[in-house]
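Here is what each chain is made of, one letter per residue.
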Amino acid sequence: MAYTLSVSLSLAQSFVLAKPDTAKLKALQEQVGHAESLTYLYLKTYYKPASPKNSVIFNEWDKERACAFQQNFESGISYAISNCEEGKGISEMVTFPKVSLTALRSFIETLYLEPDNSWVAPLLFEPEEVGCFYEIKETDKNVSIEIFCGC
């Protein structure tokens, strides 16, 4: 039993976040006309999808464009976005296997490059006024970033 526990612990802590090339990802975002979020572009660039998009909802005014969906990626990563209500902002959630808070905070600062944001609490990276808000949530097995961007 001790062997199983030690293997489980070592596997749980073997996940390392891929370091984002933010300039490359922002250029890619420009190419797609900001149709995909930086978070989603990061996942598509550094991890393979483990499922198709599911729970897809399309905009009422544009039946070709999904405004909400969920998708799983390799290594147990999951992603969800909702941007269906005009003027309500964008909500995203990305869940990774357990990583240290230091690594996750560095990842947030590197990927999103939000000069107006600061760590207002150990798990909250927020602007003083409008912009994008990032909140880290932890469980025993994983860590999530909840992102809300809006006015």
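Quick note: structure is the one above.
None of the values given here were measured: they were computed from a predicted structure. (Residues numbered from 1 in each chain as written. Predicted model: local features only at pLDDT ≥ 70, side-chain atom pairs only at ≥ 80, totals over all residues. Heavy atoms only, no water.)

Undergrad: Can you walk me through the packing of helix α3 (residues 38-46) against helix α4 (residues 101-112) in this structure?
TA: To characterise two packed helices, one gives the angle between the axes of the helices and the distance between these axes. Look at α3 against α4: their axes get within 11 Å of each other, and the N-to-C directions meet at 105°. As summarised for this structure, α3 and α4 are arranged roughly perpendicular, according to the angle between their axes. The residues of α4 that touch α3, namely those facing Leu 38, Thr 39 and Tyr 42, are Phe 107, Leu 111 and Tyr 112. For the contact of α3 with α4, the residue count by class is five nonpolar, one polar and no charged. (Axes fitted to C-alpha atoms, helices over the stretch in contact; angles between N-to-C directions. Helix = DSSP H or I, 4+ residues; strand = E, 2+ residues; numbered from the N terminus. Parallel < 35°, antiparallel > 145°, perpendicular 65-115°, else oblique. Contact = heavy atoms within 4.5 Å. Nonpolar A, V, L, I, M, F, W, Y, C, P; charged D, E, K, R; others polar.)

Undergrad: Looking at this model, I keep getting lost on the pairing of strand β7 (residues 131-138). Mind explaining?
TA: Working note: regular strand, side chains alternate between the two faces of the sheet. As defined by bridge partners, strand β6 (residues 124-127) adjoins β7 across two bridges and the pair is classed as antiparallel. When the bridges of β7 are listed, Leu 124 appears paired with Glu 135. Hairpin connection from β6 to β7: three residues lie between these consecutive antiparallel strands. Where β7 lies against strand β8 (residues 142-150), eight bridges are found, and the strand directions are antiparallel. (Pairing = 2+ DSSP bridges.)

Undergrad: What is the right way to look at the sheet that holds β6 in this model?
TA: Adjacent strands of a sheet form backbone hydrogen bonds with each other and so pair up, either parallel or antiparallel. Taken in spatial order, the eight strands of this open sheet run β1-β2-β3-β4-β8-β7-β6-β5, and their pairing is antiparallel. In this open sheet, the two edge strands, each paired with only one partner strand, are β1 (54-58) and β5 (117-121). Adjacent strand axes in the sheet meet at a mean angle of 15°, parallel and antiparallel pairs treated alike. Together, β2 (66-73), β3 (77-82), β4 (90-97) and β8 form the strand contacts of α3, whose direction differs from that of β4 by roughly 35°.

Undergrad: Whenever I open this one, the side chain of Asn 59 confuses me. Can you help?
TA: Within the secondary structure layout, Asn 59 lies in the loop between β1 and β2. When neighbours within four sequence positions are excluded, Asn 59 is seen to be in contact with Arg 65, Cys 67, Asn 83 and Cys 84.

Undergrad: Help me understand α4 in this model?
TA: Residues spaced three or four apart along an α-helix point in a common direction, a consequence of the helix completing one turn every 3.6 residues. If you check α4, its first and last C-alpha atoms are 16 Å apart, about what twelve residues at 1.5 Å a residue would give, namely 16 Å. Residues of α4 that are buried: Leu 104, Phe 107, Ile 108, Leu 111 and Tyr 112. Buried residues along α4 cover an arc of 100° about the axis, so they all sit on one side. A positive backbone phi angle near 40° is found at Leu 113, which sits one or two residues after α4. (Expected span 1.5 Å × (residues − 1). Buried < 20%, exposed > 50% of the residue type's maximum accessible area, 1.4 Å probe, protein only. Arc of directions from axis to C-beta.)

Undergrad: Can you walk me through the environment of Asp 21 in this structure?
TA: By the secondary structure assignment, Asp 21 is in the loop between α1 (2-12) and α2 (22-31). Accessibility expressed as a relative area gives 38% for Asp 21, which makes it partly exposed. Asp 21 sits 16 residues away from Ser 37 along the chain, and the two C-alpha atoms are 15 Å apart.

Undergrad: Just to check I follow, could you spell out the pairing of β6 for this structure?
TA: Burial along β6 is one-sided: the residues Phe 125 and Pro 127 are buried and none of Leu 124 and Glu 126 is. In this structure, β5 lies alongside β6, joined through four bridges in antiparallel fashion. By the bridge assignment, Asn 117 is partnered in β6 with Pro 127. From the end of β5 to the start of β6, which pair antiparallel, there are two residues.

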